[in-house]
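Working through the structure, step by step
What follows is the residue order along each chain.
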Amino acid sequence: MKRLAFFLSVMAAVCGLSAATSPLFDGKTLTGWDGDPKVWRVEDGALTGGSRTEKVPHNYFLATNRLFQNFDLRLKLKLTGDPATGLINSGVQIRSLRVPNNTEMSGYQVDAGDKWWGKLYDESRRNKVIAEPIDAAADAAVKKEDWNDYRILAEGPRIRSWINGVPALDYTEADPAIALDGKIALQIHSGGVALVQFKDLVIEELAPTPGAPTWDKVGHPKPRDPNAKKKKAAPAATPATK
């Protein structure tokens, strides 16, 4: 019996990631998520936003009901659309909150889309790219209009990401007034006829950082003009704002 217990403890240590992870999506419903039901739904076992026939008029987000601080998030993402109709773009918000009376969210966005894959954009806050991919191979690893594996690791002020196993981001926040907690959200960006899908979302929650700044400490997002022009036009080689 002791040998069996020892063996099981070793296997648990080796397979610790799977033992500690939990799903964020049940594969069937929007349970645990909040978003506009006219935009977000479940199709083919995936969280789906946008349209195959109409342009997306605003940025829309499907957000978790829960807040998270430090975590290891893994998911699959597929972005499709017609670039001739406008911008085809998406992303994963982390440590974010909704902007009152608006479709926007405020916080970090790990970006997705042509010329945007792997960038870190500060959505509805600093409104600019705050980190570029550390390796051009990350963009080359993207499978266009197909499923891509995204891993996002947030530990204290450090945020890292991988696209299909290739390192993309390694950013450390230097501003002590930036919250290190918040919701996780999925974006479909305004612009063209576009559809984004997410599946196999699992998260491992890590120990919180003692004394880390939170939204409650630094202040929640303030209301903004819902008609204000927002974000990305067709980006240059290294876009600064979107």
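Scroll up to find the structure.
Residues numbered from 1 in each chain as written. Predicted model: local features only at pLDDT ≥ 70, side-chain atom pairs only at ≥ 80, totals over all residues. Heavy atoms only, no water.

**Re the overall build of the protein**
Across its full length, the protein holds four helices and 15 strands. Relative to its full complement of 242 residues, the protein shows a buried share of 48%. Here the contacts in the protein between residues at least 6 apart in sequence split such that 71% fall between residues at least 24 apart. With the model as given, the accessible surface of the protein reaches about 11,700 Å², and the carbon-plus-sulfur share is 56%. (Helix = DSSP H or I, 4+ residues; strand = E, 2+ residues; numbered from the N terminus. Buried < 20%, exposed > 50% of the residue type's maximum accessible area, 1.4 Å probe, protein only. Contact = heavy atoms within 4.5 Å. Areas by Shrake-Rupley, 256 points an atom, 1.4 Å probe, with all protein chains shown as cover.)

**Observations concerning the pattern of salt bridges**
Under the counting rule described, the total for this entry stands at 14 salt bridges. Across the salt bridge formed by R41 and E43, the nearest N and O atoms sit 3.0 Å from each other. Note on R41: relative accessible area 23%, which makes it partly exposed. Its salt-bridge partner being E155, residue R160 comes within 2.7 Å of it at the nearest N-O pair. Look at R160 and you get buried, because its relative accessible area is 19%. For E155, a relative accessible area of 35% puts it in the partly exposed group. Ionic contacts of the salt-bridge type, sharing partners, join the residues D122, R125, R126 and E173 into one network. (Salt bridge = Lys/Arg side-chain N within 4 Å of Asp/Glu carboxyl O.)

**Description of the side chain of S190**
You can see S190 is positioned in the loop between β14 (183-188) and β15 (193-205). Look at S190 and you get buried, because its relative accessible area is 17%. Excluding its chain neighbours within four sequence positions, the residues that come into contact with S190 are V56, P57, H58, N59 and L87.

**Quick notes on the packing of aromatic side chains**
Scanning the entire structure with this criterion turns up four aromatic pairs. Their ring planes at 70° and their centres at 6.4 Å tell us that Y108 and Y171 sit as a pair that is edge-to-face. Here the residue Y108 occupies a position in strand β8 (residues 105-113), and Y171 occupies one in strand β13 (residues 166-172), the gap between them amounting to 63 residues. Pair check on accessibility: Y108 and Y171 agree, each one buried. (Phe/Tyr/Trp six-rings, centres within 6.5 Å; stacked < 30°, edge-to-face > 60°.)

**Thoughts on the environment of P83**
When you line up the elements, P83 lands in the loop between β6 (71-81) and β7 (89-98). A relative accessible area of 64% means that P83 is categorised as exposed. A sequence separation of 108 residues divides P83 from G191, and the C-alpha atoms of the two residues are 9.2 Å apart.

**Some details on the side chain of D122**
Topologically, D122 is positioned in strand β9 (residues 120-123). Since its relative accessible area comes to 0%, D122 is described here as buried. Not counting the four nearest positions on each side in its chain, D122 is found in contact with G107, Y108, N127, K128 and I130.

**Focus: the sheet that holds strand β10 (residues 129-131)**
Read from one edge to the other, the open sheet built from seven strands follows the order β2-β5-β14-β7-β8-β9-β10, with strand pairing classed as antiparallel. Two strands lie at the open edges of the sheet, namely β2 (33-34) and β10, each paired on one side alone. Where β2 and strand β5 (residues 60-64) come together, two bridges link them in antiparallel fashion. The partner of D34 across the bridge, within β5, is A63. (Pairing = 2+ DSSP bridges.)

**Quick word on the pairing of β7**
Within β7, nine of the 10 residues are buried, which leaves the element mostly enclosed by the surrounding structure. As judged from the eight bridges shared by β7 and β8, these two strands associate in the antiparallel manner. Across the sheet, the residue bridging to N89 is G113, located in β8. Between β7 and β8, which pair antiparallel one after the other, the connecting turn spans six residues, and N101 there sits at a positive phi close to 55°.

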